[in-house]
Structure formats: structure tokens, C-alpha cells
Amino acid sequence: MSNRTFTMIKPDATSKGYTGAILDQIIKAGFTVKAMKWIKLSEEQAGLFYDIHRARPFFGELVDFMSSGPIVAAILEKENAVADFRDLIGATNPANAAEGTIRKNFAASIGENAVHGSDSDENAIIEGDFFFSKLERF
Ligand code: CMP
């Protein structure tokens, strides 16, 4: 069990002005920010990040959306980080997300679902390494 996970606040949430409220909910839930950046992905970068989904029917839509505006990328620390963060954000489809979760509070649809959270310790490392050099994290 690792104590780190990776998140992105997605373009739907940044464009609606939810960044501060989402970060506030994350920090109040006990996560510490170990790295953070505000960045706009190119289509190529978004495609590389979500390469695992390349064969899925929604891949094109996902890449267009994730490169449509700025995101906030961050590495977060907390005991049991991956599982606890997935509990905090709720189900991928906000229609199925539990009351009080970030996706229930801020997401509009399965495609535009406000936040990303790593699904395993291994992917948390891969995804954090995609965005951050050693100098950019502590
Ligand atoms: P995320 O947790 O970032 O990981 C993959 C993303 O693909 C997911 O959130 C959704 O935003 C998106 N996604 C998953 N299923 C669908 C779908 N059926 N239609 C559109 N986007 C989807």
C-alpha cells in the first residue's frame, strides 16, 4: 500500500471556477499536496496520458475534452491514498457517485467528470512521473 496518489482537476471543473472548492475538499479530507501544476495539455499529450484507453470508443472524445482547457495536476499524500482518494471523488459516472463526493458535487457527466484519480499504486507513480520531475515534487 502506497501513501501517494495522482489527480487532475479536469477542464470542465477549472472552466466553471471549481478549482478552489475542489482543492479545499481534498485538503480537508486529509491529503497533503506534494506537487502541483496548472497546465494545458496538447491533444498528443492527452492521448499519451490516456494511452491505455486508446481502443475505447470514447477515446477521441476524452482526448478532445482533456486538451480543451487548463487542468490542475497534483501528487497527493495520505495513508491509503489511492483507495481513500477514489472514495473521496466517487464513481466515474457522477450519476452513480455517492452524496458528498467531489464528482457528485462538481461533475456533469461520465465524460466531463471534474477529477481524475489513479486506480492503483503502480499507475499513481506512472501518472505522477508523466507530469512532474524530481525537482517539482517533495
Ligand atoms: P478518468 O478516471 O480520468 O479515466 C478515464 C476517463 O475516461 C474517465 O475518467 C472518464 O472521464 C472517461 N470515460 C470513461 N467512460 C466513458 C464513457 N463511456 N464516455 C466518455 N468518457 C468516458
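Description of the structure in this document. Computed from a predicted model, the values in this text were never measured in an experiment.

With respect to the helices, strands and loops of the structure, Lys 10 is situated in the loop between β1 (4-9) and α1 (11-15). In this structure Lys 10 is buried but unpaired, with Asp 12 as the nearest side chain of opposite charge at 6.8 Å. Each residue touching Lys 10, except ones within four places of it in the same chain, is listed here: Tyr 50, Phe 65, Met 66, Pro 70, Ile 71, Asn 113, Ala 114, Val 115 and His 116.

The ligand sits among Lys 10, Tyr 50, His 53, Phe 58, Glu 61, Leu 62, Thr 92, Arg 103, Ile 110, Gly 111, Asn 113 and His 116. One of the backbone nitrogen or oxygen atoms of Ile 110 is found 3.0 Å away from an oxygen atom of the ligand. A distance of 2.9 Å is found between an oxygen atom of the ligand and a side-chain nitrogen or oxygen belonging to His 116. Across the complex, the protein chains shield 80% of the 460 Å² of accessible surface that the ligand would expose by itself. Of the residues belonging to the shell around the ligand, the class tally is four nonpolar, five polar and three charged.

Criteria and thresholds
- Residues numbered from 1 in each chain as written.
- Predicted model: local features only at pLDDT ≥ 70, side-chain atom pairs only at ≥ 80, totals over all residues.
- Heavy atoms only, no water.
- Helix = DSSP H or I, 4+ residues; strand = E, 2+ residues; numbered from the N terminus.
- Buried < 20%, exposed > 50% of the residue type's maximum accessible area, 1.4 Å probe, protein only.
- Lys, Arg positive; Asp, Glu negative; His and termini not counted.
- Salt bridge = Lys/Arg side-chain N within 4 Å of Asp/Glu carboxyl O.
- Contact = heavy atoms within 4.5 Å.
- Near = heavy atom within 4 Å.
- Polar contact = N/O pair within 3.5 Å; in protein donor to acceptor, adjacent residues only side chain to side chain.
- Areas by Shrake-Rupley, 256 points an atom, 1.4 Å probe, with all protein chains shown as cover.
- Nonpolar A, V, L, I, M, F, W, Y, C, P; charged D, E, K, R; others polar.

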